[in-house]
Structures are given as structure tokens and as C-alpha cells.
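Chain residues, written in single-letter form:
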Amino acid sequence: MSLIDDARAVRENAHAPYSRFKVGAALRTASGAVFVGCNVENVAYPEGTCAEAGAIAAMVAAGEHEIAEVAVIADSPDPVPPCGGCRQKLAEFAGGDVQVTMATLDGSEHVVTVADLLPGAFGAGHMERT
């Protein structure tokens, strides 16, 4: 099963009664483990959890910290990129060269890197004092 297939499957579990926009995400870690997440909205919309954030939380809860590949899927005319906050979350655990595949339910795909999504990312190095 591909990461897109994993993201497609978990997307069906999304809780999106307000936007009706279900998103699924899957990531593979450096160890080869796969973690998935779907968006979870709540009545205090737009509070909620993005699919990418859910997959990252599951990864960290399992003791993993290095993303090797990402896939995101939604039912939209064009592949949907992660939101700004999720781009920063991805950059926390993935190198700039990590592949991010964005897809639609009808099979359209667009592949970029984490660095393409978040050029000039704020990182731990910015916190160091000389």
C-alpha cells in the first residue's frame, strides 16, 4: 500500500461536519513506520486538528522523530498543500529534501519538498546564541 493509499483510507475517518472538507495524511519515518492522521474539527470552528498534525502527533507518541516522506489527500479540484502551521510542523521533523506528495481523490498529484513548502523555515538553529 502506498502512502497516498494510507492517506486516502484514513481520510474517510475525518470529523469535518462544519467544513465538510475531509483531509487525510500519511507519513513514513526513517525507520519505515507509517503514521496516519485525518482532520478533526470541533464546534468552536476553526479550532481543530489538521490531518498532518494528527499524523505527526501519532508519530511522536510512538517515539519516532524523523519524517522520511509525506502524503496528503483531499477531495478538491487541485492537490491541497498543508496549511502554514503544518508546514512548520513538518519542517520540525523532516529535512528540507523530504518529499511531500499532495493528491486529489481523482488521482491528480503534485510532488514538492518540505523546503519548497516552507522556504526560509524557522528552525532550532535560530534559537542558538553565539
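The model shown is predicted, which means the values in this text are computed figures rather than measured ones. (Residues numbered from 1 in each chain as written. Predicted model: local features only at pLDDT ≥ 70, side-chain atom pairs only at ≥ 80, totals over all residues. Heavy atoms only, no water.)

**Student:** Looking at this structure, how should I read the overall build of the protein?
**Tutor:** Each helix and strand in the protein was counted, giving four helices and seven strands. Helices and strands in the protein line up, N terminus first, as α-β-β-β-β-α-β-α-β-β-α. By the compact-globule yardstick of 14 Å for 130 residues, the protein fits well, its C-alpha radius of gyration being 14 Å. With the principal axes as the frame, the protein shows a C-alpha extent of 50 × 35 × 30 Å. Here the protein, with 130 residues, has 38% of them falling under the buried criterion. Long-range pairs, those at least 24 residues apart, make up 59% of the contacts in the protein between residues at least 6 apart in sequence. Of the roughly 7000 Å² that the protein leaves accessible, carbon and sulfur atoms contribute 53%. (Helix = DSSP H or I, 4+ residues; strand = E, 2+ residues; numbered from the N terminus. Rg over C-alpha atoms; globule rule 2.2 N^0.38 Å. Buried < 20%, exposed > 50% of the residue type's maximum accessible area, 1.4 Å probe, protein only. Contact = heavy atoms within 4.5 Å. Areas by Shrake-Rupley, 256 points an atom, 1.4 Å probe, with all protein chains shown as cover.)

**Student:** How should I be thinking about unusual backbone geometry in this particular structure?
**Tutor:** Most of the time, phi is negative for any residue but glycine, and the peptide bond is trans. The residue Arg20 is not glycine, and still its phi comes out positive at about 60°. Along the polypeptide, Arg20 turns up in the loop between helix 1 (3–11) and strand 1 (23–29).

**Student:** How do you make sense of the nonpolar core when you look at a structure like this?
**Tutor:** One broad trend across soluble globular proteins is that nonpolar side chains are buried collectively. Core analysis: the biggest nonpolar cluster contains 21 residues, and Leu27, Ile56, Met59, Ile67, Val70, Val98 and Val100 have the highest contact counts within it. Listed by contribution, the elements that provide at least two residues to this core are strand 1, helix 2 (51–61), strand 5 (67–74), helix 3 (84–93), strand 6 (94–104) and helix 4 (114–117). Excluding residues within four positions of it along the chain, Val100 makes contact with Val70, His110, Val111, Val112, Thr113, Val114 and Leu117. By size, the runner-up hydrophobic cluster in this structure holds seven residues, among which are Leu3, Ala7, Ala71 and Ile73. (Core = buried A, V, L, I, M, F, W, Y, C linked by side-chain atoms within 4.5 Å.)

**Student:** Please explain the pairing of strand 2 (residues 34–38) as it appears in this structure.
**Tutor:** Residues in a regular strand project their side chains so that they alternate between the two faces of the sheet. Strand direction decides the pairing type here: strand 1 and strand 2, joined by five bridges, are antiparallel. Opposite Arg28, over in strand 2, you have Val34 as the bridge partner. Taking the residues between adjacent antiparallel strands as the criterion, strand 1 and strand 2 are bridged by four residues, where Gly32 takes a positive phi near 100°. (Pairing = 2+ DSSP bridges.)

**Student:** How do you make sense of helix 1 when you look at a structure like this?
**Tutor:** An α-helical turn contains 3.6 residues, so a residue and the one three or four places further along point in the same direction. The set of residues buried in helix 1 consists of Leu3, Ile4, Asp6, Ala7, Val10 and Arg11. The buried residues of helix 1 occupy an angular sector of 160° when the element is viewed end-on, so they sit on one face. (Arc of directions from axis to C-beta.)

**Student:** What am I meant to see in the side chain of Glu41 here?
**Tutor:** Inspection of the secondary structure puts Glu41 in strand 3 (residues 40–41). A polar contact is formed between the side chain of Glu41 and the backbone nitrogen of Tyr18, at a distance of 2.9 Å. Among the polar contacts listed, one links the side chain of Glu41 to the side chain of Ser19, at a separation of 2.2 Å. (Polar contact = N/O pair within 3.5 Å; in protein donor to acceptor, adjacent residues only side chain to side chain.)

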